[in-house]
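Okay, here's what each chain looks like letter by letter:
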Amino acid sequence: MSTAPPPFPTPQEPVGHPELLQLGTALEGDEPCLRADAARNRARLLEAAGRLVAERGAQAVTMEAVAAEACVGKGTVFRRFGDRTGLLTALLDHSEKKFQAAFLGGPPPLGPGAPPVERLRAFGCAMLRRSADDLELQLAAEPGADRRFVAPARRVQRHHIEMLLRQAVPDADCDLLSHTLMGQLDPALIHHLTRQCETPLARLEAAWVDLVDRVTGAGTGCRQAPRRTP
C-alpha cells in the first residue's frame, strides 16, 4: 500500500492558487520606458493571430503568418511569445482567466460554497463545454510531452481537482487520481469523441458525472450533469 499523501489545506485554508495566472509570455526584459509600446505590440500581434484563426483556422497560425498579418518582422513575434505554442496559449489566455475566476471564486456549484462532489461534477462539465467551444485552438496550443503536465493552466486545473478529491475522499491517493480524472478532460480525447465518433457532448457530461460519483462513492440518486450557467 502506498504511503499516505502529504497534508493538504482544509477548505478554510488558502488552496495555493487564488490568483489568476497569466498564461501568455510576460514582457520580461523590456526596459520600463518601453513597456507601454511592448504591451501595444503584443496586443497588435494577438489581434492579428485572432484574425487568422477566425479566417483560416488555428492550423494556419504560424509565427511567419502572424508577422505578415501584423506587418512586423518575424523576430518580433518570437521575442514576444517564444514559439508557436506560446502564441496560441496567449490567445487562450482570456478564456482561461474567465474559467479560473469561475471555479476559484464564482458562484456554486462550480465555485466555492457547494459540497466537493458537486463542485467536481460541475468542474468537469464546465471544462468539457469550454473545450468544445475552443477545441481547435486548444489542440493547436497543446504543449509537447515534456511540457504538457507542467503548463500553468493544466497545473491549476489538476490542483483544483486534487483539492476537491482530498475533501471528498481523503483516504485516496488524490495526487494520482487527479491525473486520471484530468485524462477524461483531455482536448485530444474530446476531439476524437465529439468530432470523429460524433459522441454528443451531453453524453460526455453524463459520463463525467458518473465517473466522479463512482470515484467518490457518491449516491446514485443525482447523476445528471449540472445545468449550464449563463
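Residues numbered from 1 in each chain as written. Predicted model: local features only at pLDDT ≥ 70, side-chain atom pairs only at ≥ 80, totals over all residues. Heavy atoms only, no water.

Draft legend 1. View of the confidence of the model for the chain. Of the residues in the chain, 80% have a pLDDT of 70 or more, and the chain-wide mean is 81. The low-confidence segment residues 1-20, where pLDDT is below 50, has 24 contacts with residues more than four positions distant or belonging to other chains. Within the model, pLDDT remains below 50 along residues 220-230, and this stretch shows 21 contacts once partners closer than five positions in the same chain are excluded. (pLDDT = per-residue confidence, 0-100. Contact = heavy atoms within 4.5 Å.)

Draft legend 2. Representation of the nonpolar core in the model. Core analysis: the biggest nonpolar cluster contains 31 residues, and Phe123, Leu128, Ile161, Leu165, Leu185 and Trp208 have the highest contact counts within it. For this core, the secondary-structure elements that each account for two or more residues are helix H4 (84-105), helix H5 (116-133), helix H7 (152-168), helix H8 (174-183) and helix H10 (201-216). Ranked by residues supplied to this core, first place goes to H5 with eight residues. With residues up to four places along the chain from it excluded, the contact list for Leu185 reads Phe123, Gly124, Met127, Leu128, Ile161, Ile190 and Trp208. Counting 21 residues, the second largest nonpolar core, distinct from the first, contains Ala58, Val61, Ala67 and Leu92. (Core = buried A, V, L, I, M, F, W, Y, C linked by side-chain atoms within 4.5 Å. Buried < 20%, exposed > 50% of the residue type's maximum accessible area, 1.4 Å probe, protein only. Helix = DSSP H or I, 4+ residues; strand = E, 2+ residues; numbered from the N terminus.)

Draft legend 3. Structural detail: the pattern of salt bridges. Tallied over the entire structure, the rule returns 12 salt bridges. In this structure, Glu205 and Arg129 form a salt bridge, with 3.1 Å as the shortest nitrogen-oxygen distance. Residue Glu205 is found in helix H10, and its partner Arg129 is found in helix H5; the two are separated by 76 residues along the sequence. Here the two residues Glu205 and Arg129 agree in accessibility, since each one is buried. Note that Glu162 and Arg158 form a salt bridge whose closest N and O atoms lie 3.0 Å from each other. Pair noted here: Glu162 and Arg158 are both in helix H7, with a separation of four residues, about one helical turn. (Salt bridge = Lys/Arg side-chain N within 4 Å of Asp/Glu carboxyl O.)

Draft legend 4. Focus on the packing of H4 against H5. It is the contact of H4 with H5, at a shortest axis distance of 11 Å, that shows an interaxial angle of 165°. What the angle tells us is that H4 and H5 run roughly antiparallel. Here H4 and H5 pass one another in a crossing that is right-handed. Contacts between H4 and H5 involve Leu92, Ser95, Glu96, Phe99 and Phe103 on the former and, on the latter, Arg119, Phe123, Ala126, Met127 and Arg130. Classifying every residue of the contact of H4 with H5 by side-chain character gives six nonpolar, one polar and three charged. (Axes fitted to C-alpha atoms, helices over the stretch in contact; angles between N-to-C directions. Parallel < 35°, antiparallel > 145°, perpendicular 65-115°, else oblique. Left-handed = near helix turned anticlockwise from the far one by under 90°. Nonpolar A, V, L, I, M, F, W, Y, C, P; charged D, E, K, R; others polar.)

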